[in-house]
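# Examining the three-dimensional arrangement
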Amino acid sequence: MAAKALILFSAAAAMLAVVTLWLAAQRESRAQADFPPEGQILDIDGIAVHAVVMGQGPDVVLIHGSSGNTRDMTFALAPLLAKSFRVIVFDRPGLGYSQSFNADGETIVEQADILQRAAAQLGADKPIVAGQSYGGSVALAWAVTRPEDISALALIAPAAVPWETPLDSFNRVSSTAWGSAVLLPLITAFVPDWYVEKALDTVFAPQKAPEGYARHFGPGLTLRRASMHANAKQRANLLDEVTELEPRYPEISVPTEIVHGTADTTVGLDWHSRRLRDRIPGAELVELQGIGHMPQVVAAPEVAAAIARAAHRAGLR
């Protein structure tokens, strides 16, 4: 009886695995059909990088945060900036439609390098570089390691100063091979889009995700197995990378504008941006009263104004 039960259990587990993988693949296909690339796919030494380009004027590169893609920036901020700038929005490696190239998770320095080369391929040799949250870490790495390839720096709620809180359980598990093989297919297959849309309000708190944001952003893109795994590996490595980069912040010599909401509970204003302002010579900090972690969406005019100030300080306008 025990052997028969084991056989039945094994057969049921195998059937569940087959159904899960099939459903996950179907859902990923639907997500990519519903939310195709917004722009062009660049070939950077054999690595695909997705870029959206709009507007005319001085070049601005926008780098999205954790679990994001170009659509986070093209919802509000990029169209607003495109009235005065040529805006280049990238998917970070492993997310959206940009290719992952490091099995251990692309470091912020590696990401800065490939995005800089992609910008140069588009003719943006010394752009203003703006990044939000994790994208702010990449922007800082760009400014530190590629100082000849940047005109000004704009940081939006950046993860900038080594922190003490541990990595959350989801990303800790998802960054492992076991999590990638077992947990992520279940999430892709069975977690509904409405749940992700509801969870967006937690990211935006105390604001709520604006009407139409979820439909534009495409939750299904975030729920793809490879994207979640790439994001988790990058998140798992970020603290060590920021710890290594932080001593070099005083080397940053380009005009720097920092924008951060006072109600941000994801990346704290006091811990990160107020300390960062004191580490970068001449950096200016704008504190947005009552705004949470997503100023690029809910306070796009204020963020655009900060980028315009950075351009003016750099002599570009």
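Structural data are supplied above this passage.
First, a word on what this report is: a plain description of the structure on this page.

What counts and how
- Residues numbered from 1 in each chain as written.
- Predicted model: local features only at pLDDT ≥ 70, side-chain atom pairs only at ≥ 80, totals over all residues.
- Heavy atoms only, no water.
- Helix = DSSP H or I, 4+ residues; strand = E, 2+ residues; numbered from the N terminus.
- Rg over C-alpha atoms; globule rule 2.2 N^0.38 Å.
- Buried < 20%, exposed > 50% of the residue type's maximum accessible area, 1.4 Å probe, protein only.
- Contact = heavy atoms within 4.5 Å.
- Areas by Shrake-Rupley, 256 points an atom, 1.4 Å probe, with all protein chains shown as cover.
- Lys, Arg positive; Asp, Glu negative; His and termini not counted.
- Charge placed at Lys NZ, Arg CZ, Asp CG, Glu CD.
- Pairing = 2+ DSSP bridges.

### Points about the overall build of the chain
Regarding its fold elements, the chain presents 14 helices and eight strands. Relative to its length of 317 residues, the chain is compact, with a C-alpha radius of gyration of 20 Å against a globular reference of 20 Å. When its C-alpha atoms are laid out on the principal axes, the chain stretches across 80 × 40 × 40 Å. A total of 317 residues make up the chain; the buried ones form 52% of that total. Sequence-distant contacts in the chain: of pairs separated by 6 or more residues, those separated by 24 or more amount to 78%. Counting only carbon and sulfur atoms, one obtains 58% of the accessible surface of the chain, whose full area is about 13,700 Å². Of the charged side chains in the chain, 26 are positive and 33 negative; the average position of the first set lies 5 Å away from that of the second.

### Describing the pairing of strand β4 (residues 86–90)
Buried residues dominate β4, accounting for five of its five residues. Judged by which residues are buried, β4 turns out to be covered on both faces: Arg-86, Ile-88 and Phe-90 on one side and Val-87 and Val-89 on the other are all buried. Strand direction decides the pairing type here: strand β2 (residues 47–54) and β4, joined by four bridges, are antiparallel. Pairing of Val-53 across the sheet is with Ile-88, part of β4. By the bridge criterion, five bridges tie strand β3 (residues 59–63) to β4 in an arrangement that is parallel. Across the sheet, the residue bridging to Val-61 is Ile-88, located in β4.

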